[in-house]
Amino acid sequence: MARPKSARLNKEMVVDAAIELIGGGGLEAFSMPKVAAALHVSAPSLYHYFADRDALLAAVARAVATPEPPGVLPPDADWTDYLVAQAVALRHRIVTHPHCAPLLARFMPREHMFDEYEHVCRFLADSGVPAHLHVRIVDGVTALTIGAAILNENAADYADSGPGPFPGVGYPALRAALAAAEGRSGDEMFE
């Protein structure tokens, strides 16, 4: 059979198919032949776009860790509002693809992260934040966001209306704090 004159695939299509496959059955469901079958091509066709399985999984991690930029912030927003919006967008992207989240531990897309860090450090400098705080802020927000997304557990789960592990008695200070957070979504709690 002759090759088609134009490619039927592109990298984004392959990554999207891998994300869908992993999303449906976890990392255990992932294989190059299964991705190829989902795209109605032969497995060797995928190697035109990705050198091997790990290269495709690294691209999946990069796609999951690349949120859409936050929307336009109000004119009175400050640098903390911007960072919260960035963190919420990243957490949302990771939580949307929970079976892909473990890939971030192995394939953290560092080249993309450094571009983003550069952007945020420039933003912080333009906002008047002292340079000696930039790395602390960026590292802290990134670690908090990715950790919260991977764990995807929050205080709302432990409130009286949530599935939390608390019996009806005990933990009075924690219960008071949870009661104050009652009714807030996981996203609201994270923000």
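Refer to the preceding data block for the structure.
What this report covers is the structure whose coordinates are included nearby. Every value quoted in this text rests on a predicted model; they were computed, and no experiment measured them. (Residues numbered from 1 in each chain as written. Predicted model: local features only at pLDDT ≥ 70, side-chain atom pairs only at ≥ 80, totals over all residues. Heavy atoms only, no water.)

Okay, helix 8 (residues 131-151) next. A rise of 1.5 Å per residue sets the reference length of helix 8, with its 21 residues, at 30 Å; its end C-alpha atoms lie 31 Å apart and thus fit the reference within 8%. For helix 8, the complete set of buried residues consists of His-134, Ile-137, Val-138, Thr-142, Thr-145, Ile-146, Ala-148 and Ala-149. Buried residues of helix 8, viewed axially, fall in a sector of 165 degrees; they line one side. Seen from the open side of helix 8, the exposed residues pointing more than 90 degrees away from its buried face are His-132, Val-135, Arg-136, Ala-143, Leu-144 and Leu-151. (Helix = DSSP H or I, 4+ residues; strand = E, 2+ residues; numbered from the N terminus. Expected span 1.5 Å × (residues − 1). Buried < 20%, exposed > 50% of the residue type's maximum accessible area, 1.4 Å probe, protein only. Arc of directions from axis to C-beta.)

Now for the packing of helix 5 (residues 79-96) against helix 8. How two helices sit against one another is set out by the angle between their axes and by the gap between those axes. Two numbers describe how helix 5 lies on helix 8: the axes approach to 9 Å, and their chain directions differ by 30 degrees. As the angle between them shows, helix 5 and helix 8 are arranged roughly parallel. Along this stretch, helix 5 crosses helix 8, giving a crossing that reads as right-handed. Every residue of helix 8 that contacts helix 5 at Trp-79, Leu-83, Ala-87, Leu-90, Arg-91, Ile-94 and Val-95 is listed here: Ile-137, Val-141, Thr-145, Ile-146, Ala-148 and Ala-149. (Axes fitted to C-alpha atoms, helices over the stretch in contact; angles between N-to-C directions. Parallel < 35°, antiparallel > 145°, perpendicular 65-115°, else oblique. Left-handed = near helix turned anticlockwise from the far one by under 90°. Contact = heavy atoms within 4.5 Å.)

On to the packing of aromatic side chains. For the structure shown, the criterion picks out 1 aromatic pair. Consider the rings of Tyr-82 and Phe-123, whose centres lie 4.1 Å apart with planes at 35 degrees: the pair is tilted. Here the residue Tyr-82 occupies a position in helix 5, and Phe-123 occupies one in helix 7 (residues 110-126), the gap between them amounting to 41 residues. Taking the relative accessible area as the measure of exposure, Tyr-82 reaches 11% and is therefore buried. For Phe-123, a relative accessible area of 24% gives the class partly exposed. Across from the ring centre of Phe-50, 5.5 Å away, lies the NZ or CZ of Lys-11, which sits over that ring. (Phe/Tyr/Trp six-rings, centres within 6.5 Å; stacked < 30°, edge-to-face > 60°. Lys NZ or Arg CZ within 6 Å of the ring centre and 35° of its normal.)

Throughout the structure, instances matching the rule amount to 2 salt bridges. Its salt-bridge partner being Arg-106, residue Asp-54 comes within 2.9 Å of it at the nearest N-O pair. In this pair, Asp-54 is assigned in helix 4 (residues 53-64) and Arg-106 in helix 6 (residues 103-106), connecting sequence segments 52 residues apart. Under the relative-accessibility criterion, Asp-54 is labelled partly exposed at 30%. Under the relative-accessibility criterion, Arg-106 is labelled exposed at 56%. Ionic pairing is found between Arg-122 and Glu-118, a salt bridge with its closest N-O pair at 2.6 Å. Taken together, the residues span about one helical turn, with Arg-122 and Glu-118 both in helix 7 at a distance of 4 residues. Judged by relative accessible area, which is 54%, Arg-122 ranks as exposed. (Salt bridge = Lys/Arg side-chain N within 4 Å of Asp/Glu carboxyl O.)

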